[in-house]
Amino acid sequence: TGNADIYYATSSNSGATFSTAKNLSNNATQSVSPYVETAGADNVYVGLIAEAVAYNQAFFVRSINSGSTFSSAANISNTSHNLDNIILRAAATVVGAIWQAEGPEYGIYRVRSTDSGATFGTALNIAGDTATRVFNPVIGIDGSNRVHILGAALIGSPGQQDIFYSRSTDAGVSFEAPINLSQS
């Protein structure tokens, strides 16, 4: 159709064969940067970036029946800035998504769902600063449900990049102020 879409296929025989591909983004604009996460035996979550009105936004699609059917793509960012690099993590019924904001408001944002992705809360800027360009976010969750996020930021002289770390000790509800790990 002349635009990029995100498709999903699954294999139940270790990759020997795959199901017919399903179009998950199914829109008239460009959809890129898919990210898939699973939780439990039946939940499949897909995050993607798609053009929406004037900005690229984060969208979320879910299946609660092992990928047999999927929900329609829902905008989980609802922001007025461009996004990139969506990442999902899930444990039990909690699903979290993070992405980098490209501007005009920079940062690493997160949204959180406690009902297996049926609904999401408001986006929170973990970087806490909308003027500094932050990129390449990564996320991890440890066995005690602490959420750990790293990202690179352009600071100081042109081209100077440092790695920043923030963590949540309340399962992603709030985050500590980012600290500079690399100090370069």
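Right above here is the structure, for reference.
Residues numbered from 1 in each chain as written. Predicted model: local features only at pLDDT ≥ 70, side-chain atom pairs only at ≥ 80, totals over all residues. Heavy atoms only, no water.

Overview of the side chain of S166
Step number 1: Turning to its location among the elements, S166 is positioned in strand β13 (residues 161–168).
Step number 2: There is a polar contact of 2.6 Å between the side chain of S166 and the backbone oxygen of E176.
Step number 3: Dropping the residues within four chain positions of it, S166 is found in contact with I126, V147, H148, I149, F175, E176 and P178. (Helix = DSSP H or I, 4+ residues; strand = E, 2+ residues; numbered from the N terminus. Polar contact = N/O pair within 3.5 Å; in protein donor to acceptor, adjacent residues only side chain to side chain. Contact = heavy atoms within 4.5 Å.)

Considering the pattern of salt bridges
Step number 1: Under the criterion given, the structure shown has three salt bridges.
Step number 2: The salt bridge partner of E102 is R133, with a shortest N-O separation of 3.5 Å. Separated by 31 residues along the polypeptide, E102 in strand β8 (residues 94–103) and R133 in the loop between β10 (124–125) and β11 (134–141) bring together distant segments of the chain.
Step number 3: Residue class for E102 comes out partly exposed when judged on its relative accessible area of 24%.
Step number 4: Owing to a relative accessible area of 34%, R133 belongs among the partly exposed residues under this scheme.
Step number 5: Across the pair E176 and R167 runs a salt bridge whose closest N-O atoms are separated by 3.1 Å.
Step number 6: In this structure E176 comes out as partly exposed when scored by relative accessible area, which is 38%. (Salt bridge = Lys/Arg side-chain N within 4 Å of Asp/Glu carboxyl O. Buried < 20%, exposed > 50% of the residue type's maximum accessible area, 1.4 Å probe, protein only.)

Here we look at the environment of A50
Step number 1: Of note, A50 is situated in strand β4 (residues 43–52).
Step number 2: Overall, A50 belongs to the buried group, its relative accessible area being 1%.
Step number 3: Separated by 97 residues in sequence, A50 and V147 have C-alpha atoms that sit 26 Å apart.
Step number 4: Aside from chain neighbours lying at most four places away, what touches A50 is N27, Q30, S31, Y55, N56, Q57 and F59.

Some points on the sheet that holds strand β6 (residues 74–75)
Step number 1: Taken in spatial order, the four strands line up as β3-β4-β5-β6 in an open sheet, and their pairing is antiparallel. Both edges of this open sheet fall to β3 (31–39) and β6, since each of them pairs with a single strand only.
Step number 2: The pairing of strand β5 (residues 55–63) with β6 spans two bridges and is antiparallel. Counterpart to F59 in the pairing with β6 is N75. (Pairing = 2+ DSSP bridges.)

Concerning the packing of aromatic side chains
Step number 1: A complete count under the given rule lists three aromatic pairs for this structure.
Step number 2: Look at Y8 and F70: their rings are 4.7 Å apart centre to centre, the planes differ by 65°, and that puts the pair in the edge-to-face class. Residue Y8 is located in strand β1 (residues 7–8), and its partner F70 is located in the loop between β5 and β6; the two are separated by 62 residues in the primary sequence. Like F70, Y8 is buried.
Step number 3: Between F60 and F120, the ring centres sit 4.8 Å apart and the planes meet at 70°, which makes this aromatic pair edge-to-face. Placement of the pair is F60 in strand β5 and F120 in the loop between β9 (106–113) and β10, with a sequence separation of 60 residues.
Step number 4: For F120, a relative accessible area of 21% puts it in the partly exposed group. (Phe/Tyr/Trp six-rings, centres within 6.5 Å; stacked < 30°, edge-to-face > 60°.)

What about unusual backbone geometry?
Step number 1: One non-glycine residue with positive phi stands out, namely S33, at about 55°.
Step number 2: Structurally, S33 is set in strand β3.
Step number 3: Although it is not a glycine, N85 sits at a positive phi angle of roughly 55°.
Step number 4: Among the residues examined, N85 registers a relative accessible area of 28% and is labelled partly exposed.

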